[in-house]
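For reference, the chains in residue letters:
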Amino acid sequence: MFRTLAEETVASLAYSGVGIVLMALGYLLVDAITPGKLHELIWLNRNRNASILVASNILGVGIIVVAAIVASEGKLAQGLLYSFAYGVVGLIVMAVAFLVLDVLTPGKLGTILVDAEPHPAVWVSAAVHIAVGAVIAAALS
């Protein structure tokens, strides 16, 4: 079924709103599980580790939202619900994966990931965030 430009515009704005809310929740979640304040670490201190960590979380959420849009097959209400529900599930799984990785690795992962010195552990954690997003996205199809 063909939708009008107005319908497509409304759908795109609605999905954007859900995506922004989920990305903000992801940012707050990362801020909660890592020491310090992310806004200071990233914007004032230019901390690359913290930036990579947040960016990977946002990418993981974006992957989930895109998959939910595709899976909704043009059904706006269903797509918005799927986007939000699976996005929240993704954020929870990302947090759990972070905690599991913290248990399995030496030191406090949160402290390592916001340290001013570059650390390879941030790339491992980033890969986990993106992989979780991809797994949740695959569950939608």
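Look up a bit, the structure's there.
Let me begin by describing the structure that accompanies this report. (Residues numbered from 1 in each chain as written. Predicted model: local features only at pLDDT ≥ 70, side-chain atom pairs only at ≥ 80, totals over all residues. Heavy atoms only, no water.)

### Some remarks on the pattern of salt bridges
- Enumeration over the complete set of coordinates arrives at 1 salt bridge.
- The shortest N-O distance in the salt bridge between Asp 102 and Lys 108 comes to 3.1 Å. (Salt bridge = Lys/Arg side-chain N within 4 Å of Asp/Glu carboxyl O.)

### Side note on unusual backbone geometry
- For Arg 46, which is not glycine, the phi dihedral falls at a positive 55°.
- Following the sequence through the fold, Arg 46 ends up in the loop between α2 (38-44) and α3 (48-71).
- For Arg 46, a relative accessible area of 69% gives the class exposed. (Helix = DSSP H or I, 4+ residues; strand = E, 2+ residues; numbered from the N terminus. Buried < 20%, exposed > 50% of the residue type's maximum accessible area, 1.4 Å probe, protein only.)

### Focus: the packing of α3 against helix α6 (residues 121-140)
- Where α3 meets α6, the axes come as close as 8 Å, and the angle between the chain directions of the two elements is 10°. Compared by their axis directions, α3 and α6 come out roughly parallel. Contacts from Asn 49, Ile 52, Leu 53, Ser 56, Asn 57, Leu 59, Gly 60, Ile 63, Ile 64, Ala 67, Ala 68 and Ala 71 in α3 reach Val 122, Trp 123, Ser 125, Ala 126, His 129, Ile 130, Gly 133, Ala 134, Ile 136, Ala 137 and Leu 140 in α6. (Axes fitted to C-alpha atoms, helices over the stretch in contact; angles between N-to-C directions. Parallel < 35°, antiparallel > 145°, perpendicular 65-115°, else oblique. Contact = heavy atoms within 4.5 Å.)

### Things to note about α6
- Helix length check: α6, at 20 residues, gives a terminal C-alpha distance of 29 Å against a target of 28 Å (1.5 Å per residue), a fit within 8%.
- Three or more residues of α6 are buried, namely Ala 121, Val 122, Ser 125, Ala 126, His 129, Val 132, Gly 133, Ile 136, Ala 137 and Leu 140. Taken around the axis of α6, the buried residues stretch over an arc of 165°, which confines them to a single face. Among the exposed residues of α6, those oriented more than 90 degrees off its buried face are Trp 123, Val 135 and Ala 139. (Expected span 1.5 Å × (residues − 1). Arc of directions from axis to C-beta.)

### What to know about helix α1 (residues 5-33)
- Along its 29 residues, α1 runs 42 Å from first to last C-alpha, staying within 8% of the 42 Å computed at 1.5 Å per residue.
- Along α1, the residues classified as buried are Ala 11, Tyr 15, Val 18, Gly 19, Leu 22, Gly 26, Tyr 27, Val 30 and Asp 31.
- Buried residues belonging to α1 abut α2, α3 and α4 (76-104).

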